[in-house]
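# Understanding the architecture of this molecule
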Amino acid sequence: DIQMTQSPSSLSASVGDRVTITCQASQDISNYLNWYQQKEGKAPKLLIYDASNLDTGVPPRFSGSGSGTDFTFTISSLQPEDIATYYCQQYDNLPLTFGGGTKVEIK
Amino acid sequence: QVQLVESGGGVVQPGRSLRLSCAASGFTFSSYGMHWVRQAPGKGLEWVAVISYDGNKKYYADFVEGRFTISRDNSKNTLYLQMNSLRAEDTAVYYCAKDQYSSSYFQHWGQGTLVTVSS
């Protein structure tokens, strides 16, 4: 199985800050990497697919990059509504696997 | 618009069974693979199983160990997860999710149904 190591597990930042989350795969997964946002008590929401493609309606302050084993998710200017837990997910191989999540809070 | 509505969750004793359902609408159900993903209380997301659009191919996470069966009824636009020999560690919110293509990513999720395994 492909292991997805996400860091940090939590972070606290101020409104307007740039926030970066990393995700490392245990083997080459090309660009088969997605990012989800999950707010408390809600189902996850797809933000980015194929490492860098923004899903429809997702604000452009969210972005993703990377390929192979190392990936980055960025919020260019943190907003209060971005408080959530963020997960990466690989789909190079079954079983699909998720990173452990990054909880983003406002300082 | 795409809607996925899970049902069937509840409190069940260890070793017992439960069947979850996911009613789909707003898209051609018979054309898409479907998945179950779970989330234990306070924990991360964990993929459970996938079934192909026609029901002919199924794949499970290792922890299922033959206890769960994913199935679908395309005439009823409904996905199922039969869970047998339930354990305390199966306690979680179970989400159904629509595959975008070939077990890739999930644009659409249900609201989840909570399964609690406890004596």
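Look above for the structure.
Residues numbered from 1 in each chain as written. Chains lettered and ligands numbered in written order. Predicted model: local features only at pLDDT ≥ 70, side-chain atom pairs only at ≥ 80, totals over all residues. Heavy atoms only, no water.

## Let's talk about unusual backbone geometry
Residue and element names in this part refer to chain A. Note the cut-off: Where helices and strands are cited, they refer to DSSP runs of H or I of at least four residues and of E of at least two residues respectively, numbered from the N terminus. Note on classification: 1.4 Å probe, protein chains only; a residue is buried when its accessible area is under 20% of the maximum for its type, exposed when over 50%, partly exposed between these limits.
Here serine 7 and proline 8 are connected by a cis peptide whose omega angle stands at -5°. Here proline 8 shows up in the loop between strand 1 (4–7) and strand 2 (10–13). Geometrically, the link from leucine 94 to proline 95 is a cis peptide bond, its omega value of 0° lying close to zero. Its place among the elements puts proline 95 in the loop between strand 9 (84–90) and strand 10 (97–98). Of note in this structure, aspartate 50 is not a glycine but carries a positive phi near 50°. Position of aspartate 50 relative to the elements: it lies in the loop between strand 5 (45–49) and strand 6 (53–54). Take aspartate 50: its relative accessible area is 16%, and that puts it in the buried class.

## Here we look at the packing of aromatic side chains
Residue and element names in this part refer to chain A. Rule in force here: Aromatic contacts are taken between Phe, Tyr and Trp rings whose centres are within 6.5 Å, Trp giving its six-membered ring; a plane angle under 30 degrees counts as stacked, one over 60 as edge-to-face, and the others as tilted.
Evaluation of the coordinates by the stated rule reveals 17 aromatic pairs over all chains. When the centroid spacing of 6.0 Å and the interplanar angle of 25° are considered together, the rings of phenylalanine 62 and phenylalanine 73 count as stacked. Highlighted residues: phenylalanine 62 in strand 7 (residues 62–67) and phenylalanine 73 in strand 8 (residues 70–75), separated in sequence by 11 residues. Comparing phenylalanine 62 with phenylalanine 73, the two get one shared label, buried.

## Examining the state of the cysteines
All names here are of chain A. The criterion, for reference: Here, two cysteine sulfur atoms that lie within 2.5 Å of each other are counted as a disulfide.
Tallying each qualifying case throughout the model produces two disulfides over all chains. Between the sulfur atoms of cysteine 23 and its disulfide mate cysteine 88 the distance is 2.0 Å. Negative torsions about the S-S bond denote left-handed disulfides, and the value of about 65° found for cysteine 23 with cysteine 88 makes this one right-handed. Here cysteine 88 lies in strand 9 and cysteine 23 lies in strand 3 (residues 19–25), a separation of 65 residues in the sequence. For cysteine 23, a relative accessible area of 2% puts it in the buried group.

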